[in-house]
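A closer look at the structure
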Amino acid sequence: FRRHLMLALTSCLFLSTFYVSAAMDSKPNILLFVADDLGIGDIGCYGNNTIRTPNIDRLAREGVKLTQHIAAAPLCTPSRAAFLTGRYPIRSGMASSNRYRALQWNAGSGGLPANETTFARLLQKQGYTTGLIGKWHQGVNCESFGDHCHHPLNHGFDYFYGMPFTLLNNCQENKPPELDAALQAKLWLYSQIIALAVLTLTAGRLTGLISVCWKTIGYFTLVGCIFFISWYSSYGFVQYWNCILMRNHDITEQPMRLERTASLMLKEAMSFIERNRHRKFLLFVSFLHVHTPLFTTARFLKKSRHGLYGDNVEEMDWMVGKILDALDKEGLKNNTFTYFASDHGGQLEAQDGSAQLGGWNGIYKGGKGMGGWEGGIRVPGIFRWPGVLPADIAIDEPTSLMDIYPTIVHLAGGTLPQDRVIDGRNLMPLLQGSVQHSEHEFLFHYCGSYLHAVRWHQKDSGAIWKAHYVTPVFRPPGAGACYGKGICPCFGEGVTHHDPPLLFDLSRDPAEAKPLTAETEPLFDIVIKKIGRATEEHRRTLTPVPEQLSFYNIIWKPWLQPCCGTFPVCWCDKEGDSTHSL
């Protein structure tokens, strides 16, 4: 009996190994879901028991959940650049040294440089059909209208449908402006002051009460016109300039109609899977959810226990389910490597009165925009590949969104670029359980181009040390966020520099509640010196590159404006008037 049992067990082991090897030998399809501004505490499988996310939770039950999955930046543009390239955004010029830390306009000249190699380009070379549905936010043009140097199709995607920019309050009527609201208000105020001055001088001149020449009045009028044009031509038309949909290089909606955007995105994602069911594909579904203005279709409004934000999360989860169902329908589930994450933490400052419009980051301090605190950079990370990855397990090892790059390039049979530093690491050995520790010893946490914190994974002891060199000044004090500012700054009077740095052991204090000192931690000086040396070595690997988010690159340039029509009359609706409902 024992001999038969051993033979049976040996046969089972052999067969399971055989099937896993066979599955690994066959290149999988790649399906990547990335949410926008979703907090790690917003999902059921990460502890939320009030927002319903059954489809994302199903991915976790059928796969691997990472509990220390870290974004390379706490804001959209740089985080996504790092995701696409496997490199810290400071290496590609996508990290800002000014207060504009993300692209501001479709008509800016900054964006992901053409010499950066995305995972889409490498998979293209391996015969994959590559598609991007949803948000891009990596730029469009460089020097002229239509050069499309930053466009997804110039970065390895065969097909693009979505927003070249990102959702904003400005995209919805009757919402307070979100895009550079402070500058917009100043331009409008100055225009009003100058207009009042012109009227006063003109009236004084005509009545003889003020001795002023017409030339001076003309000068003030010219200055007033410049200010007004600066305000009105750019910020007065944000909905037309930024809130557009494109299919490949063609604009399909300008401005976009939010009431049907979710259904269009879902339809495009499902159609892409159906069209490419007989060939290998990479599909990157880059959700517009759950960024403000949180436009949610009627089917999901007032259905959650967390107001409009919860409604929007539940709508996104439903979309995830429909796309997974499309995989099942085509019989592709077991041959598809599926991934779900968020680009960074939830925005704590997003509020409408007492209503919270941003995500919840669980026990972790801080949120979107904060380069060092965990709440800004610790995000969901879920992987599924039935038969190859184990099911329903959690891995508590430091990993990065940048790791997706080498992981899927490896799965596709490609090779990594040898002419540049790749900061990501192949996750397959960790996900499959063949190694117990992440390859990352150090992770560097930037806010713009400013290094705010460094994480050291001391693998022999299990400690995860984190040193904060710079932290934001919360407003009001102790509030945990920068209320009234939109997001916390990276430099200047809005931050505090720490010497010695604040030190935490995340393995004992993941909420970063009690900083360690030389008096409370015997290894304090050793850890600080070790992290300092690693930081110096990291900085030696950096090379100067053009800053894509410089003030010149991010300002609105009329000659770069994508336009459906004859500029400045930009309007079209190529999706037709037919109703698209979820």
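Residues numbered from 1 in each chain as written. Predicted model: local features only at pLDDT ≥ 70, side-chain atom pairs only at ≥ 80, totals over all residues. Heavy atoms only, no water.

Under an unreviewed UniProt entry, the chain has the name ARSD Arylsulfatase and belongs to Nothoprocta ornata. Word for word, the UniProt comment on the chain under Sequence similarities (unreviewed entry) is "Belongs to the sulfatase family." The chain has a UniProt comment under Cofactor (unreviewed entry) that states "Ca(2+)". (UniProt positions renumbered as here; feature names shortened; annotations may be inferred.)

So, on to the packing of helix 9 (residues 258-275) against helix 10 (residues 307-329). Viewed as axis vectors pointing N to C, helix 9 and helix 10 meet at an angle of 20°, and their least axial separation amounts to 9 Å. The angle between helix 9 and helix 10 places the two elements in the roughly parallel class. Here helix 9 and helix 10 pass one another in a crossing that is right-handed. For the pair formed by helix 9 and helix 10, the contact residues are Ala262, Met265, Leu266, Ala269, Met270 and Ile273 on the first element and Glu315, Trp318, Met319, Lys322, Ile323, Ala326 and Leu327 on the second. When its residues are assigned to classes, the contact of helix 9 with helix 10 shows eleven nonpolar, no polar and two charged. (Axes fitted to C-alpha atoms, helices over the stretch in contact; angles between N-to-C directions. Helix = DSSP H or I, 4+ residues; strand = E, 2+ residues; numbered from the N terminus. Parallel < 35°, antiparallel > 145°, perpendicular 65-115°, else oblique. Left-handed = near helix turned anticlockwise from the far one by under 90°. Contact = heavy atoms within 4.5 Å. Nonpolar A, V, L, I, M, F, W, Y, C, P; charged D, E, K, R; others polar.)

In the UniProt entry, the feature "transmembrane region" (unreviewed entry) is given for residues 187-204 and 216-238. Within the segment residues 187-204, helix and strand shares are 100% and 0% respectively, and the terminal C-alpha atoms sit 25 Å apart.

On to the pattern of salt bridges. In the structure shown here, the tally under the stated rule is 24 salt bridges. In this structure, Arg257 and Asp573 form a salt bridge, with 3.2 Å as the shortest nitrogen-oxygen distance. Taken together, the residues span a long stretch of sequence, with Arg257 in the loop between strand 6 (250-254) and helix 9 and Asp573 in strand 20 (residues 572-573) at a distance of 316 residues. Residue Arg257 is classed as partly exposed on the basis of its relative accessible area, which comes to 31%. (Salt bridge = Lys/Arg side-chain N within 4 Å of Asp/Glu carboxyl O. Buried < 20%, exposed > 50% of the residue type's maximum accessible area, 1.4 Å probe, protein only.)

An ideal rise of 1.5 Å per residue puts 24 Å on 17 residues; helix 14 (residues 524-540) measures up with 25 Å between its terminal C-alpha atoms. For helix 14, every residue scored as buried is listed here: Phe524, Val527, Ile528, Ile531, Ala534, Thr535 and His538. One side of helix 14 holds all its buried residues, which, seen down the axis, span an arc of 130°. Away from its buried face, by an angle of more than 90 degrees, helix 14 presents the exposed residues Ile526, Lys529 and Arg540. (Expected span 1.5 Å × (residues − 1). Arc of directions from axis to C-beta.)

A separate point is the environment of Leu282. Topologically, Leu282 is positioned in strand 7 (residues 281-286). Under the relative-accessibility criterion, Leu282 is labelled buried at 0%. A C-alpha to C-alpha distance of 9.8 Å links Leu282 and Phe272, two positions ten residues apart in sequence. Discounting chain neighbours no more than four positions away, the residues touching Leu282 are Ile30, Leu32, Phe119, Ala120, Leu123, Tyr128, Thr129, Thr130, Gly131, Phe157, Phe272 and Ile408.

So, on to the environment of Gly367. Mapped onto the elements, Gly367 comes out in the loop between strand 10 (355-356) and helix 11 (374-377). Since its relative accessible area comes to 1%, Gly367 is described here as buried. Measuring from C-alpha to C-alpha, the distance between Gly367 and Leu75 comes to 9.8 Å, with 292 residues separating the pair along the chain. If sequence neighbours within four positions are ignored, Gly367 has contacts with Gly346, Leu348, Asn361, Gly375 and Gly376.

A few words now on the pairing of strand 6. Here is the key point about a regular strand: its side chains alternate between the two faces of the sheet. Taking burial as the measure, the five residues of strand 6 include four buried ones, the bulk of the element. Both strand 5 (residues 245-247) and strand 6 contribute to a ladder of three bridges, which runs antiparallel. The residue of strand 6 that forms the bridge with Met246 is Ile251. Where strand 5 hands over to strand 6, the hairpin turn is made up of two residues, of which Asn248 adopts a positive phi near 55°. (Pairing = 2+ DSSP bridges.)

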